Amino acid sequence: MAGICGGAWAQQPAAQGAGLGQSWPNARDVSTSPNWHVYVFERDGVRYIQINDLNGAVRAALATANGEYLVLPMGKDAQHVGTPQKPLSTISPSPSETIYRDKATQIQMAPQSNGTVSVRAMDCSDPIQCGGAIAK
């Protein structure tokens, strides 16, 4: 995971925030969905993305830098997070919802029949991988 340790982002989130791992962190909710809360934190060139449900429970979190992704060991669905480096091996077909997107990353959530949620993180440095135009 050498790529996680270095580099800088061209565009920083508006608020750095604090409270990674908390139910209601001191950070702006940047979710594109009314069904989820997404909080972004940055430190030393690494972007941390935390996903909470509407009750504030942490569902998953990951770290990303330079196209590398690392699933953090927190949240009810931490075992159900797929990244470009480690895709999920089993996902039941179900509708997914894009809950976050920036210049480099898109995150989709897909509820599963067993009550868990599959989380898929995609590298959007190539816009074609995430459906075309780059979000600001």
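Note that this is a predicted model, so its numbers are computed, not measured.

### Some points on the pairing of strand β2 (residues 46–52)
Right, on to step 1. When you tally the buried positions in β2, you get six out of seven residues, the bulk of the element.
Right, on to step 2. Where strand β1 (residues 37–43) meets β2, seven bridges bridge the pair, whose relative direction is antiparallel. Bridging from a neighbouring strand, Val 38 pairs with Ile 51 of β2.
Right, on to step 3. Counted along the chain from β1 to the antiparallel partner β2, the turn is two residues long, and its residue Asp 44 has a positive phi close to 50°.
Right, on to step 4. Note: β2 against strand β3 (residues 58–65), six bridges, orientation antiparallel. The residue bridging Asn 52 from the neighbouring strand is Val 58, located in β3.
Right, on to step 5. Count of turn residues in the β2/β3 antiparallel hairpin: five residues, of which Gly 56 carries a positive phi of about 90°.

### Side note on the sheet that holds β3
Right, on to step 1. Read from one edge to the other, the open sheet built from four strands follows the order β1-β2-β3-β4, with strand pairing classed as antiparallel. The sheet is open, and its two borders are formed by β1 and β4 (68–71), each paired with just one other strand. When the angles between neighbouring strand axes are averaged without regard to direction, this sheet yields 20°.
Right, on to step 2. Pairing of β3 with β4, which is carried by four bridges, proceeds in the antiparallel orientation. Within β4, the residue paired with Leu 62 across the bridge is Val 71.

### A short note on the confidence of the model for the protein chain
Right, on to step 1. Here the protein chain averages 84 in pLDDT, and 79% of its residues register 70 or above.
Right, on to step 2. Between residues 2–15, whose pLDDT stays under 50, and residues either more than four places distant or in other chains, the model counts 36 contacts.

### With respect to the side chain of Glu 42
Right, on to step 1. Looking at the secondary structure, you find Glu 42 in strand β1.
Right, on to step 2. According to the relative accessible area criterion, Glu 42 is buried, its value standing at 12%.
Right, on to step 3. A distance of 2.6 Å separates polar atoms of two side chains, one belonging to Glu 42 and the other to Arg 47.

Criteria and thresholds
Residues numbered from 1 in each chain as written. Predicted model: local features only at pLDDT ≥ 70, side-chain atom pairs only at ≥ 80, totals over all residues. Heavy atoms only, no water. Buried < 20%, exposed > 50% of the residue type's maximum accessible area, 1.4 Å probe, protein only. Helix = DSSP H or I, 4+ residues; strand = E, 2+ residues; numbered from the N terminus. Pairing = 2+ DSSP bridges. Axes fitted to C-alpha atoms, helices over the stretch in contact; angles between N-to-C directions. pLDDT = per-residue confidence, 0-100. Contact = heavy atoms within 4.5 Å. Polar contact = N/O pair within 3.5 Å; in protein donor to acceptor, adjacent residues only side chain to side chain.

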